[in-house]
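Each chain, written out:
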Amino acid sequence: MPLLLTVAGILALILLIAYFHLDTFIAFILVAIGIGLAAGMDVPAVGKSIQTGIGNTLGELVLIIGFGAMLGRVVAESGAARRITNMLVDLFGVKNIRWGMALAGFIIGIPLFYNAGFIIVVPLIFTIAASTKLPMLTVAIPMLSALSVAHGYLPPHPSPAALVGQLGADLGKTLFYGIIVAIPAIVLAGPIFGKTLGRFNPKPDREVFDAAEVPATDLPGIGISFFVALLPVIMLTVFGPLRGYIKTQGLSQTLGGKILTLLGEPYMGMLISVLVAVYALMLRRHVPMKKAMKHLEEAIKAASPILLVIAGAGALKQIFNDSGTSVYIGQQLAGLNMPPLVLGWVMAALIRVCVGSATIAGLTTAGIMLPLLQSQTGVHPELMVLAIGAGSLMLSHINDAGFWLFKEYFNLSINDTLRTWTVMETIVGVVGLLGVLTLNAIL
């Protein structure tokens, strides 16, 4: 019965979102209520589980995603993203421009949410393709593959950040392992696959973009642009591991220990990054405080729908837990002759194909895989985050907003979008799994 309820719940979720186009948050709540009642939970208990799930899931995540959105907006609006891209283009030259675009996409993709990053880099792609006379998709795919990988693998992006919390993974380790796995995925799906796309000839309507060049004299310096974009990564990888060391050494109550522990908190790293970005990229360059704060306000507005989706997924996860469904499924899955990391990847890929959203696929899979992760030793939760993240990027097609974003902006046919965008996303997903399994064998 619990297994049937889970299958029915996932199918209902897919039907409500993909067929009836119901708001995703509402769909999650309706399915959560249905599964809770069908599992025999009392009405008050269902309501309590939903509230608990939303609260526990959002918690610190509101800070990480909110500050991440703010940082991305400042990096974009200040011209720092454009400065990074221009420098890498100059550094790599026309011959190796695909590698430069991939690196630029990855650096820009760390602080920027995917949709925001896409909007920022598309005008750059147009400009670079025109100036180098290279086929447009050979320039575009390397950069967009890097954005996609960052979106699926790396905190502070919504899905991996939420998965870290749900699966009890260490954020700093997840980011470190994620970067290792991301490199081969970007290389194969970006520059190498992109090189084969010269036969496609997209003719985008450039009038739909505000592609006006920011004067070079108005762009921030290259050093501060790189520093601000990478500051969250620096803080998470440097101070994050220190928290465990300080605790084991009994230094938690010393002043130095408290300061280092605070700096190692993910939300603190993001907050400091935002404050540094506002000062270095805006106030120091004579942007009025009121205008700078307006950019942060707009960033929060853009991130709020993502937070609602995550909240809904948290409610469903809690219903799975409180109804006993997750425990039952975990016991059944534990008996399968499939490695947990592969199983998490497969489940995320299947939900992604059905629903279209990488975030929904990742969060739904996490709720189902959590009991299995808790019941088995030797499974690194950080690698499970990455396996699910890789699976959630698989086979993007007509039910994925990213698919249509790419198709419409580059004015491609559906068939050509499937042959370019979908193949790129599939390469990212498969290589991600192989990277995770390789890391697991080493660890």
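Residues numbered from 1 in each chain as written. Predicted model: local features only at pLDDT ≥ 70, side-chain atom pairs only at ≥ 80, totals over all residues. Heavy atoms only, no water.

## So, the nonpolar core
Okay, step 1: Of all hydrophobic cores here, the largest spans 136 residues; its most connected members are I125, L144, Y153 and F410.
Okay, step 2: Sort the elements by how many residues they give to this core and helix 13 (residues 289-322) lands first, with 13 residues.
Okay, step 3: The residues contacting F410, other than those within four sequence positions of it, are F118, V122, I125, F126, M136, L137, A140, L144, P202, K203 and P204. (Core = buried A, V, L, I, M, F, W, Y, C linked by side-chain atoms within 4.5 Å. Buried < 20%, exposed > 50% of the residue type's maximum accessible area, 1.4 Å probe, protein only. Helix = DSSP H or I, 4+ residues; strand = E, 2+ residues; numbered from the N terminus. Contact = heavy atoms within 4.5 Å.)

## Comments concerning the confidence of the model for the protein
Okay, step 1: Taken over all residues, the pLDDT of the protein has a mean of 83, while the share at 70 or more is 91%.
Okay, step 2: Here residues 207-212 is a poorly scored stretch, pLDDT under 50, and it has seven contacts once near neighbours within four places are set aside; other chains count. (pLDDT = per-residue confidence, 0-100.)

## Structural notes on the packing of aromatic side chains
Okay, step 1: Under the counting rule described, the total for this entry stands at four aromatic pairs.
Okay, step 2: Measuring from centroid to centroid gives 5.0 Å for F406 and F410, while their planes differ by 40°, and the two rings are tilted. One end of the pair is F406 and the other is F410, both in helix 18 (residues 401-410) and four residues apart, which spans about a single turn. There is no split in this pair, since F406 and F410 are both buried.
Okay, step 3: Through pairs of rings, three or more aromatic residues link up here, namely F406, F410 and W421. (Phe/Tyr/Trp six-rings, centres within 6.5 Å; stacked < 30°, edge-to-face > 60°.)

## What about the side chain of S159?
Okay, step 1: Tracing the backbone through its elements, the reader meets S159 in helix 8 (residues 158-167).
Okay, step 2: Sequence-distant contacts of S159, that is, excluding residues within four places in its chain, are made with A358, T359, G362 and L363.

## Quick look at the side chain of R98
Okay, step 1: Here R98 shows up in helix 5 (residues 97-109).
Okay, step 2: Looking at R98, its side chain comes within polar contact range of the main-chain oxygen of P191, at 3.5 Å.
Okay, step 3: With sequence-adjacent residues up to four places away left out, R98 is seen in contact with T138, P142, P191, G194 and K195. (Polar contact = N/O pair within 3.5 Å; in protein donor to acceptor, adjacent residues only side chain to side chain.)

## As for the pattern of salt bridges
Okay, step 1: Taken as a whole and judged by the stated rule, the model has six salt bridges.
Okay, step 2: When the shortest N-O distance is used, the salt bridge between E297 and K301 registers 3.5 Å. Pair noted here: E297 and K301 are both in helix 13, with a separation of four residues, about one helical turn.
Okay, step 3: Notably, a salt bridge pairs R352 with E425, separated by 3.1 Å at the nearest N-O pair. One end of the pair, R352, is in helix 15 (residues 340-355); the other, E425, is in helix 19 (residues 414-442), and 73 residues separate them in sequence. Per residue, the accessibility class of R352 equals that of E425, and both read buried. (Salt bridge = Lys/Arg side-chain N within 4 Å of Asp/Glu carboxyl O.)

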